[in-house]
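# Structural characterization, general
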Amino acid sequence: MERLKASSDEVRAAIRAKSTELGRALVAERTGFPLTDLTPAEEKIVRAASEYAGIEKRLGNPATRTFSQLKNRGLIGAAEVSVMKSKPTQGFTALEDADLVELSYEQIIVDHPDEFSARAQWYSRRALGLPNDTDKPPAPGASLTQERTGQLLRWLRDRAATNGGHLGEFTNAEAAAAIGLTDMHRSGRVFGNIQSRIDFACYSLDLPPLGLLADEPFDMAWSQQDRDWAFPIETMQAAARARAWREEDFELVLNEAERLPGQAHISWKRAISENEAKVRAWASGLADADPNKPAAASEDEDSLGSAKRNPVWGREELILALDLYLRHRVSPPSKASAEVAELSAFLGQLAGARGGADAQTFRNVNGVYMKMMNFRRFDPEYTVDGKVGLVRGNKLEEVVWNEFHADAAKLAAAVSAIRSGVVNHVQPQPAPYWVFVCNPKKWAIDRFLDRNIEHDTWGVRPSDRDRFAPGQLGIIRVGVDRRTIEERGGKPPLEAGIYALCEVESAAFSGAGANDEFWNDDAGREPGWPTVRIRYLRTYLNEPLTIARLRAEQPGVSSLLLDGFQAASFPISADDFHAVVALLGEDVDEVVASTPETANSAAALAALQKKYVNASPEVKERVSKYIERGSVGSRVKKELGFRCQVCEALGQKPLGFLKKNGEHYAEAHHVMPVSELQVGSLAASNIMVVCANHHRQMHYGGIEVEVRETVFEFTIDDTPLKIERYLADA
């Protein structure tokens with residue numbers, strides 16, 4: 001248009017307006033954010049991201065990292081982390097070259113200091129050539145949003161402490177002023193975001209929302225949006241005001257908030273899209289909430305008043321909890337993390353090895369999380385800013401902290417000794433049924449299933465690596481599909497659900513890495529990750545069993561299966577597995593009926609037996625039927641002249657009728673049932689040659705056989721017998 005001299009100020013303004021509109025739509029699509037009710041800084045960040053994406057697109061680059069950062073960290077968080085670099089960022093350079101420095105993250109941070117940390121401001125001023133008060137940036141710490149979250153929670157805690165656990169009436173303006181936000185017209189949205197983060201942490205802990213303690217909620221808070229139900233605000237507010245808030249409540253909320261993105265709407269949107277029923281149940285359930293009930297994460301076994309409570313944490317357990325805390329000192333894992341779940345399971349094994357409580361119920365994840373966080377009250381890196389950590393715990397915690405926290409080598413040696421002792425005492429038990437978890441944002445399972453690939457590999461949770469074995473069965477659970485329209489190739493998003501039945505074909509091994517055509521950029525498995533081979537038995541790309549249907553028709557199955565779990569794999573019970581298979585309309589025996597194995601020699605059959613010793617029952621039955629047709633029994637019958645060893649021992653006629661091939665009829669009885677696939681059950685020394693009548697009597701006559709070194713001992717028809725074992729292969 002410039003070349004044709006058809007441009008004008010009006011035309012250029014219209015082009016800029018359309019460009020801004022399209023850019024905003026692109027950011028919304030790639031991040032999934034609604035982009036409503038944004039602060040001035042957030043509005044500028046949206047425009048900055050869209051302008052930068054346009055520049056990159058003209059250069060042939062998709063700006064994937066930029067959008068991924070925005071989605072994972074939120075608008076403010078993405079800008080913060082982007083600018084804190086030793087050199088000017090690529091985005092700053094690109095916008096500077098395009099004469100758009102005013103849209104750079106750096107300029108936005110300088111223009112809106114109330115929404116960003118001092119460290120981000122230092123780096124931004126340096127990039128823009130502006131003076132700083134110091135030569136070095138402020139030390140890394142919590143984001144400004146998290147700092148203000150902590151300030152607000154401490155203000156609320158102090159009010160509760162002086163009013164018997166109740167906070168009394170206050171306005172949002174009073175609460176905002178307590179954390180330095182005195183202009184609600186300018187900072188109202190900033191404060192609203194902090195309040196909403198606290199409310200989400202309360203939801204995670206099954207507490208009433210602290211934000212509703214103010215006399216009036218914000219206009220947009222708890223809005224119905226496009227749902228067919230509304231939050232019962234009056235009920236929720238009444239529950240918050242009725243609760244007797246305790247010091248540990250505020251500390252738990254703070255710990256929970258530390259793991260949240262800076263922008264609250266990210267957490268709320270994800271929770272409602274993935275588990276709307278749970279959010280609704282929390283809100284409506286507050287009508288009957290016990291005002292003195294402990295927070296959901298405070299189920300520390302030391303504090304339970306039940307007669308069945310677990311014993312006080314011992315020295316070995318505390319060493320392991322301290323190790324977990326110090327390995328994640330800056331950002332401890334949540335109670336839903338694989339790390340906490342692994343330690344919970346291991347403490348159960350430790351209890352069993354020491355002759356203690358039931359390994360299945362000993363230290364739950366809530367108790368492990370709480371114990372780990374108890375160490376914060378001794379940690380100077382945490383308490384330096386006036387934080388106090390969880391105050392409850394036993395005196396031994398301080399003893400263990402003082403002994404190990406400053407001696408990493410000593411702690412590592414102690415942990416190794418404890419863990420190796422348990423591994424030597426209790427070997428991990430295989431789990432025959434598995435859930436393999438798929439995030440379509442990382443791995444395009446729809447494109448994979450569309451190719452009808454039968455054999456593949458799957459990265460599994462490291463803590464489960466010793467529990468996998470050939471012949472175990474599993475299901476593929478696909479989570480919420482957060483891919484953009486572009487990433488989905490224009491197709492609709494996948495519904496969360498079950499998309500395949502599969503069989504494990506190997507024990508876990510250290511994989512060589514995975515980065516095939518189905519993986520998203522930078523999402524492949526790194527080399528060394530525990531991996532198993534799997535075979536797809538049935539796939540349901542076009543008709544999956546949705547989680548919504550599973551929840552409606554089988555609400556009693558594992559919550560991990562219904563709500564999802566942040567791990568590559570996890571075991572489920574046989575009942576849960578068969579409930580899923582039934583809803584899929586499948587017959588397990590029919591699904592696993594085919595056997596790709598071929599083995600004719602005794603050695604090959606023995607290898608087959610050993611391979612499937614820890615298989616699922618359905619697969620064991622399939623393999624045992626195949627083994628029964630093998631050559632071992634025929635060999636033993638021939639070597640013993642087709643004579644029934646029981647008849648011979650009883651003084652009866654040992655030979656049966658003659659078959660067409662001139663051999664006498666006899667059968668091979670496996671003393672240890674082949675169907676159980678015990679090691680040794682396929683050996684010739686486990687076979688007794690019997691007639692058809694005695695074979696049935698051995699199975700159905702209640703005959704108990706003692707397997708001795710050289711003989712089988714048992715009583716039949718009130719006659720004790722000793723039958724020599726065939727030991728030619730010994």
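All of the points below concern the structure found in this document. These figures come from a predicted structure and were not determined experimentally.

Moving on, we come to the overall build of the protein. Counting secondary structure elements, the protein contains 28 helices and 13 strands. The buried share of the protein, reckoned over its 730 residues, is 45%. Sequence-distant contacts in the protein: of pairs separated by 6 or more residues, those separated by 24 or more amount to 71%. As displayed, the protein has an accessible area near 35800 Å², and 50% of this comes from carbon and sulfur atoms.

In total, this model carries 31 salt bridges according to the counting rule given. Residue Arg419 pairs with Glu342 through a salt bridge whose shortest N-O separation is 3.1 Å. Here Arg419, found in helix 18 (residues 408–425), pairs with Glu342, found in helix 14 (residues 338–353); they are 77 residues apart in sequence, far enough to count as distant. Classification of Arg419 by relative accessible area gives partly exposed; the value is 23%. Two residues, Arg535 and Glu503, come together in a salt bridge whose shortest N-O distance is 3.7 Å.

Before going further, it helps to spend a moment on the packing of aromatic side chains. The tally for this structure, following the rule as stated, stands at 25 aromatic pairs. When the ring of Phe200 is compared with that of Trp268, the centres are 4.9 Å apart and the planes differ by 90 degrees; the resulting orientation is edge-to-face. Here Trp268 lies in helix 12 (residues 264–285) and Phe200 lies in helix 9 (residues 184–204), a separation of 68 residues in the sequence. Under the relative-accessibility criterion, Trp268 is labelled buried at 11%. For the ring pair Tyr203 and Trp268, a centre distance of 5.7 Å and an interplane angle of 35 degrees mean the geometry is tilted. In this pair, Tyr203 is assigned in helix 9 and Trp268 in helix 12, connecting sequence segments 65 residues apart. A connected cluster of aromatic rings, assembled from ring pairs, spans Trp434, Phe436, Trp443, Phe448, Trp458, Phe468, Phe518, Trp519 and Tyr536.

The antiparallel open sheet is built from three strands, whose spatial order is 11-12-13. Each edge of the open sheet is held by one strand with a lone partner, namely strand 11 (706–707) and strand 13 (719–724). Note that strand 12 (residues 711–716) and strand 13 share six bridges and pair antiparallel. By the bridge assignment for strand 13, Glu713 is matched with Lys722.

This part covers the environment of Arg259. Checked against the element boundaries, Arg259 lands in the loop between helix 11 (247–257) and helix 12. Judged by its relative accessible area of 24%, Arg259 is partly exposed. Through-space distance from the C-alpha of Arg259 to that of Ser334 is 7.6 Å; in sequence the pair is 75 residues apart. Each residue touching Arg259, except ones within four places of it in the same chain, is listed here: Pro332, Pro333, Ser334 and Tyr369.

This part is about the nonpolar core. Counting residues in each nonpolar core, the largest one holds 74 residues, and the members touching the most others are Leu210, Val253 and Trp282. Sequence-distant contacts of Leu210, defined by excluding residues within four places in its chain, comprise Leu153, Leu156, Ile198, Asp199, Cys202, Trp245, Phe250 and Val253. Grouped together as the second largest cluster of nonpolar side chains are 30 residues, Val46, Val83, Ala94 and Ile108 included.

Non-glycine residue Phe642 carries a positive phi angle of around 60 degrees. Following the sequence through the fold, Phe642 ends up in the loop between helix 26 (632–639) and helix 27 (645–649). The residue Asp717 is not glycine, and still its phi comes out positive at about 55 degrees. As for its position among the elements, Asp717 is in the loop between strand 12 and strand 13.

So, about the side chain of Arg148. Along the chain, Arg148 turns up in helix 7 (residues 144–161). Once residues lying within four places of it in the same chain are set aside, the contact partners of Arg148 are Asp114, Glu115, Ile179, Leu181, Val190 and Ile194.

Where helix 13 (residues 315–327) contacts helix 17 (residues 395–404), the two axes come as close as 10 Å, and the packing angle between them is 60 degrees. It follows that helix 13 is oblique to helix 17 by the angle criterion. Crossing geometry of helix 13 relative to helix 17 is assigned as right-handed. Residue-level inspection shows Arg315, Leu318, Ile319, Leu322, Tyr325 and Leu326 of helix 13 in contact with helix 17, the latter providing Leu396, Glu397, Val400, Trp401, Glu403 and Phe404. Looking at side-chain class alone, the contact of helix 13 with helix 17 contains nine nonpolar, no polar and three charged residues.

Take the packing of helix 7 against helix 11 next. Packing of helix 7 against helix 11 leaves a shortest axis separation of 9 Å and a crossing angle of 170 degrees. Our classification of the angle between helix 7 and helix 11 gives roughly antiparallel. Contacts between helix 7 and helix 11 involve Gln146, Thr149, Gly150, Leu153, Arg154, Leu156, Arg157 and Ala160 from the first element and Glu247, Phe250, Val253, Leu254 and Ala257 from the second. For the contact of helix 7 with helix 11, a count of residues per class yields seven nonpolar, three polar and three charged.

Right, let's talk about the side chain of Glu42 for a bit. Tracing the backbone shows Glu42 in helix 2 (residues 40–58). Buried and unpaired, Glu42 has no salt bridge, with Arg189 as the nearest side chain of opposite charge at 6.6 Å. Within the structure, Glu42 has its side chain in polar contact with the backbone nitrogen of Thr39 (distance 2.9 Å). Sequence-distant contacts of Glu42, that is, excluding residues within four places in its chain, are made with Leu75, Ile76 and Gln263.

Among the secondary structure elements, Arg535 is positioned in strand 6 (residues 530–539). The exposure class of Arg535 is buried, given its relative accessible area of 8%. When the C-alpha atoms of Arg535 and Leu501 are compared, they prove to be 8.7 Å apart, with 34 residues separating the residues in sequence.

A two-sided burial pattern is seen for strand 10 (residues 687–690), the buried positions comprising Ile687 and Val689 on one face and Met688 and Val690 on the other. The pairing of strand 9 (residues 667–670) with strand 10 spans four bridges and is antiparallel. Looking at the pairing, Glu667 lines up with Val690 of strand 10.

A few words on a negative patch on the surface. Judged by side-chain charge, Glu169, Glu174, Asp215 and Glu216 come together as a negatively charged surface patch. Inspection of the secondary structure puts Glu169 in the loop between helix 7 and helix 8 (172–177).

About the cut-offs
Residues numbered from 1 in each chain as written. Predicted model: local features only at pLDDT ≥ 70, side-chain atom pairs only at ≥ 80, totals over all residues. Heavy atoms only, no water. Helix = DSSP H or I, 4+ residues; strand = E, 2+ residues; numbered from the N terminus. Buried < 20%, exposed > 50% of the residue type's maximum accessible area, 1.4 Å probe, protein only. Contact = heavy atoms within 4.5 Å. Areas by Shrake-Rupley, 256 points an atom, 1.4 Å probe, with all protein chains shown as cover. Salt bridge = Lys/Arg side-chain N within 4 Å of Asp/Glu carboxyl O. Phe/Tyr/Trp six-rings, centres within 6.5 Å; stacked < 30°, edge-to-face > 60°. Pairing = 2+ DSSP bridges. Core = buried A, V, L, I, M, F, W, Y, C linked by side-chain atoms within 4.5 Å. Axes fitted to C-alpha atoms, helices over the stretch in contact; angles between N-to-C directions. Parallel < 35°, antiparallel > 145°, perpendicular 65-115°, else oblique. Left-handed = near helix turned anticlockwise from the far one by under 90°. Nonpolar A, V, L, I, M, F, W, Y, C, P; charged D, E, K, R; others polar. Lys, Arg positive; Asp, Glu negative; His and termini not counted. Polar contact = N/O pair within 3.5 Å; in protein donor to acceptor, adjacent residues only side chain to side chain. Patch = residues over 30% accessible without salt bridge, like charges linked within 9 Å, V, L, I, M, F, W, Y side chains within 5 Å. Charge placed at Lys NZ, Arg CZ, Asp CG, Glu CD.

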